[in-house]
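# Fold and geometry: a report
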Amino acid sequence: MDLKTILNYQKKDAELIRLERELNNNENKKAYTQMISVVKDAQNRSNSLEKQAGELLSIYQNLKKTYEDNIKSANVVIGRKLETASISDLDTIEEIASNIVNNLSILEKKLLQEAEKVNAVLVDFDQTRKRYNLARDKYTKHKELFDEESKKLEPAIAEKTKEIKKLEAGIDPVILAKYKQRRQDNIFPVLVPCVDKACGGCRMELPYANLSTLKTKGVLECEHCRRIIYNND
């Protein structure tokens, strides 16, 4: 293994990681990413409120129709001539009138309750719309700022990526595959020196047999942290 090449590769990869983290940890990126969630939540809430408003409106309209039907029935009863009615008819009329009055009272309360629910939904919808508009404006602002800042870093990232790709041609494919796998698993640095008979990454002391293998082959995979240890002598 060409140790010098792979170590140079790792050095440039570390510089690339630093640039990528700088871009990913950008405050404007965090802000506009957060606004995406707020906008989605507001959209979902608006859709839910729209459905709820439709259901409440349907209930309100049905109650209103029932209320109006009872008013008509009441008018029919009120319009009957009582002078010629028998005692039995009067009792029946009184019972019907009493039921209508009770129904109207109940319906009136239900109408008021549903009207309050509709108003509450409308208020909630208005507040959600304001949150959506505010989040959308913030998203646009921070996205534009991030795009401006990312333009300054992207050329450096592209150049560093190009340098790294060029170095890959001189690295053992097996070692390179292991390196990339550990890089993907957030193990970095991947290659570390042997320091005082221990792994230079996790500091675990190496058994004598492993030290012997390291001296013979020049590299060794740490059994604890999976880093690739190289002989620094």
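Summarised in this report is the structure supplied together with it. None of these values were measured; they are calculated from a predicted model.

## Here's the deal with the overall build of the chain
- Summing up its helical and strand segments, the chain has 5 helices and 4 strands in all.
- In sequence order, the chain lays out its α and β elements as α-α-α-α-β-β-α-β-β.
- Out of the 233 residues belonging to the chain, those deemed buried represent 29%.
- The long-range fraction of contacts in the chain, counting pairs at least 24 apart against all pairs at least 6 apart in sequence, stands at 70%.

## Quick word on the packing of aromatic side chains
- If you walk through the whole model with that rule in mind, you get 3 aromatic pairs.
- Plain terms: the ring middles of Tyr-9 and Tyr-179 are 5.2 Å apart, the flat faces sit at 75° to each other, and that makes the pair edge-to-face. Note that Tyr-9 is positioned in helix 1 (residues 3-24) and Tyr-179 in helix 4 (residues 173-184), a separation of 170 residues in sequence. For the pair Tyr-9 and Tyr-179, one class covers both residues: buried.
- Between the aromatic rings of Tyr-32 and Phe-146, the centroid separation amounts to 5.6 Å while the plane-to-plane angle is 50°, which identifies the pairing as tilted. Of this pair, Tyr-32 sits in helix 2 (residues 27-78) while Phe-146 is found in helix 3 (residues 87-168), placing the two residues 114 residues apart along the sequence.
- Tyr-32 gets classed as buried once you look at its relative accessible area, which sits at 11%.
- Judged by its relative accessible area of 8%, Phe-146 is buried.
- The ring centre of Tyr-32 lies 5.5 Å from the NZ or CZ of Lys-143, which sits over that ring.

## Let's talk about the sheet that holds strand 4 (residues 228-230)
- The strand order 2-1-4-3 describes an open sheet built from 4 strands, whose pairing is mixed. Each end of this open sheet is capped by a strand with a single partner; those strands are strand 2 (198-199) and strand 3 (219-221).
- Looking at chain direction, strand 1 (residues 191-195) and strand 4 are connected through 3 bridges and run parallel. What sits directly across from Leu-191, in strand 4, is Ile-228.
- The strands touched by helix 5 (residues 208-217) are strand 1, strand 3 and strand 4; relative to strand 3, the strand with the most contacts, the crossing angle is about 140°.

## Some remarks on the side chain of Ser-150
- In this fold, Ser-150 is placed in helix 3.
- A distance of 2.9 Å separates a polar side-chain atom of Ser-150 from the backbone oxygen of Asp-147.

## Examining the nonpolar core
- Of all hydrophobic cores here, the largest spans 19 residues; its most connected members are Ile-6, Tyr-9, Tyr-179 and Leu-191.
- Core analysis: the second largest hydrophobic core is formed by 10 residues, Val-192, Cys-194, Cys-199 and Leu-214 among them.

Rules of the game
Numbering of residues starts from 1 in every chain and runs along the sequence as written. Note on the predicted model: pLDDT of at least 70 is required for a residue's local features to be given, and 80 or more for side-chain atom pairs to be given and counted; whole-chain, interface and lining totals, by contrast, use all residues. Derived side-chain values reflect all non-hydrogen atoms in the structure, with water molecules and hydrogen atoms excluded from consideration. Runs of H or I in DSSP of at least four residues are treated as helices and runs of E of at least two as strands, each being numbered from the N terminus. Accessible area is worked out with a 1.4 Å probe on protein chains only. A residue is then buried under 20% of its type maximum, exposed over 50%, and partly exposed in between. In what follows, a contact means two residues having at least one pair of non-hydrogen atoms within 4.5 Å. Aromatic contacts are taken between Phe, Tyr and Trp rings whose centres are within 6.5 Å, Trp giving its six-membered ring; a plane angle under 30 degrees counts as stacked, one over 60 as edge-to-face, and the others as tilted. The rule is short: NZ of Lys or CZ of Arg within 6 Å of the ring centre and within 35 degrees of the ring normal puts a charge over the ring. By this definition, two strands are paired if DSSP reports at least two bridges between them. In this analysis an axis means a line fitted to C-alpha atoms, helices contributing only their contacting stretch, and an angle means the value between N-to-C directions, from 0 to 180 degrees. Polar contact is the term for a pair of N or O atoms within 3.5 Å; when the atoms are in protein, one must be able to donate a hydrogen and the other to accept it, and sequence-neighboring residues count only if both atoms are side-chain atoms. Definition of nonpolar core: a set of buried residues of the types Ala, Val, Leu, Ile, Met, Phe, Trp, Tyr and Cys, connected through side-chain atoms within 4.5 Å.

Coordinates in, geometry out; function isn't part of it.
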